[in-house]
Amino acid sequence: MANKNLKLFVNPLNIDNPILVQILGICSALAITVQLKAAFVMAVSVTLVTGFANLIISLLRNSIPSRIRIIVQLVVIASLVIIVDQILKAYVYDVSKQLSVFVGLIITNCIIMGRLEAFAMGNKPLPSFIDGIGNGVGYGIILIIVAFIRELFGAGTIWGIKVIPQSFYEMGYQNNGLIILPPMALIIVGVLIWVQRSKMKELIEKK
Amino acid sequence: MQEILNIFVKSIFIDNMIFAYFLGMCSYLAVSKTVDTSAGLGLAVMFVLGITVPVDYLIQEHLLSKGALTWISPSYAEVDLSFLSFIIFIAVIASMVQLVEMIVEKFAPALYNSLGIFLPLIAVNCAILGGSLFMQEREYENIWQATSFGLGSGLGWFLAIVGLAAIREKIRYSNVPAPLRGIGITFIVTGLMGIAFMSFMGIKL
């Protein structure tokens, strides 16, 4: 039993990663990866919402009529996101301003709906909760990798702290302005998919 | 009038939903295999955006924002319901999508079958909710500006998905490295298209 739960948590981190393999939740993932801090806040929010939405829907799963399940799921997710939004506004106002509409867009993040439909509707509360947290973390890891690359090469900082020494700039090193632009996030994720699939041959798509 | 046209052009090219904000990526990547299907989905998204943004604008102006309820009684001037906007917006969107689904099923059954699961999933297409939230954040002055923003972003989304579908139909005949095949190369193509769209930046009418 414990082993099974561990698998639920570990699988989404790599072999069943929501972004790289299931291709879910890209919508809100890429726009906020210019800075590590914003990406981290986003990753934590999504993990919490996914986990608790899975838990709540799994508790309710036997009493939801299947015709209106999408509406019920949306209401549960939207309420959780409102709570997250108010907490962010209260404690990290600057990050919340920077994330702007993307906090609200957690509602339509396909990872959450996807996991609710695929897992929570048919499983017990505890495994569902673990599955939600696992998928949230798997999503967060990719977010943080992309944000790390973009902030390091784009602005020369990590978490807002300068890491590339001034002497480099004096020798003619320049920040790569291209990597800050939105399209580069897509290309970085494309390359991450490439790297992961060349390590795991079983994920390669058939012609 | 000029302002309306400006918002329209800006939301198609410069603030393109896909290339500038990555909204609606899930269905964008999944449905863009053939041009026909993707044009159908693009039209549906444009239609839903063109309706939901103005409707949500009216709700925002007359029910949710601070002091909006004064038309009922002046004593409500301090009431601020804008924290409810997420739930209200998503409810409007879900019901509009239901409507579109019924219309498409009645009048274009072939399209209905080829869109499959992605038609109801427009409800959770980030581009739709994103349109309403951007409308709220950018504080458009009147309903015409909001409408032109909604239609413009819809048209931008339509152009993007049809363009990608056309490229993917051709890419099937090229020799892509095995690990990049399918979704990987699609990401990179989208990124390159985004860079191309950035050349529109700074256009002002």
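Before reading further, recall that the structure is shown in the block above.
Residues numbered from 1 in each chain as written. Chains lettered and ligands numbered in written order. Predicted model: local features only at pLDDT ≥ 70, side-chain atom pairs only at ≥ 80, totals over all residues. Heavy atoms only, no water.

Engineer: I tried to follow the overall build of chain B on my own but got confused; where do I start?
Structural biologist: The helix and strand tally for chain B stands at eight helices and zero strands. Taken from N to C terminus, the helices and strands of chain B fall in the order α-α-α-α-α-α-α-α. Oriented by its inertia axes, the alpha-carbon framework of chain B measures out at about 70 × 40 × 30 Å. Of all intrachain contacts in chain B linking residues separated by at least 6 positions in sequence, the fraction that spans at least 24 positions is 76%. Carbon together with sulfur atoms contributes 68% to the accessible area of chain B, which is approximately 9,300 Å² in total. Of the side chains in chain B, 10 bear a positive and 13 a negative charge, and the two mean positions are spaced by 15 Å. (Helix = DSSP H or I, 4+ residues; strand = E, 2+ residues; numbered from the N terminus. Contact = heavy atoms within 4.5 Å. Areas by Shrake-Rupley, 256 points an atom, 1.4 Å probe, with all protein chains shown as cover. Lys, Arg positive; Asp, Glu negative; His and termini not counted. Charge placed at Lys NZ, Arg CZ, Asp CG, Glu CD.)

Engineer: Just to check I follow, could you spell out unusual backbone geometry for this structure?
Structural biologist: Both trends apply: most residues other than glycine have a negative phi, and most peptide bonds are in trans. Residue and element names in this part refer to chain B. Notably, F22 is not glycine yet its phi reads approximately 55°, a positive angle. With respect to the helices and strands, the residue F22 is situated in the loop between α1 (2-14) and α2 (25-31). Residue classification places F22 among the buried positions, given a relative accessible area of 1%. Backbone geometry at E139 places phi at a positive 50°, although glycine is not the residue there. Locating E139 in the fold gives a position in the loop between α6 (126-138) and α7 (143-171). A residue is classified by how much of its surface remains accessible, and E139, at 63% relative accessible area, is exposed. (Buried < 20%, exposed > 50% of the residue type's maximum accessible area, 1.4 Å probe, protein only.)

Engineer: Before we go on, may I ask you to explain the packing of helix α4 (residues 69-91) of chain A against helix α7 (residues 110-118) of chain A in this structure?
Structural biologist: Any two packed helices are characterised by the angle at which their axes cross and by the distance between the axes. Residue and element names in this part refer to chain A. Two elements in contact, α4 and α7, have axes whose closest approach is 11 Å; the angle formed by their N-to-C orientations is 130°. In terms of orientation, α4 lies oblique with respect to α7. Classified by chirality, the crossing of α7 by α4 is right-handed. For the pair formed by α4 and α7, the contact residues are R69, I70, Q73, L74 and I77 on the first element and I112, M113, L116 and E117 on the second. Classifying every residue of the contact of α4 with α7 gives six nonpolar, one polar and two charged. (Axes fitted to C-alpha atoms, helices over the stretch in contact; angles between N-to-C directions. Parallel < 35°, antiparallel > 145°, perpendicular 65-115°, else oblique. Left-handed = near helix turned anticlockwise from the far one by under 90°. Nonpolar A, V, L, I, M, F, W, Y, C, P; charged D, E, K, R; others polar.)

Engineer: Mind showing me how you'd approach the interface of chain A and chain B here?
Structural biologist: Accessible area lost on assembly of the parts is the figure often given for the size of an interface. At the interface, 39 residues of chain A touch 41 residues of chain B. For the pairing of chain A and chain B, the buried interface totals around 3,600 Å² over both sides, and the portion due to carbon and sulfur atoms is 83%. Across the contact surface, chain A and chain B share zero salt bridges. For the interface between chain A and chain B, the tally reads zero residue pairs in polar contact (both at pLDDT 80 or more). Residue assignment for the side of chain A that touches chain B shows that the elements contributing at least two residues are α2 (26-29), α4, α6 (101-104), α7 and α10 (182-199) of chain A. Top contributing element to the side of chain A that touches chain B by residue count: α10 of chain A, with eleven residues. Counted by class, the side of chain A that touches chain B contains 26 nonpolar, eight polar and five charged residues. (Buried area = accessible area lost by both parts, 1.4 Å probe. Salt bridge = Lys/Arg side-chain N within 4 Å of Asp/Glu carboxyl O. Polar contact = N/O pair within 3.5 Å; in protein donor to acceptor, adjacent residues only side chain to side chain.)

Engineer: Which parts of the structure should I look at to understand the environment of L164 of chain B?
Structural biologist: Residues and elements named next belong to chain B. Mapping L164 onto the fold places it in helix α7. Considered as a pair, L164 and P54 are 110 residues apart in the sequence and their alpha carbons are 28 Å apart. The residues contacting L164, other than those within four sequence positions of it, are Y28, S32, T186, V189, T190 and M193.

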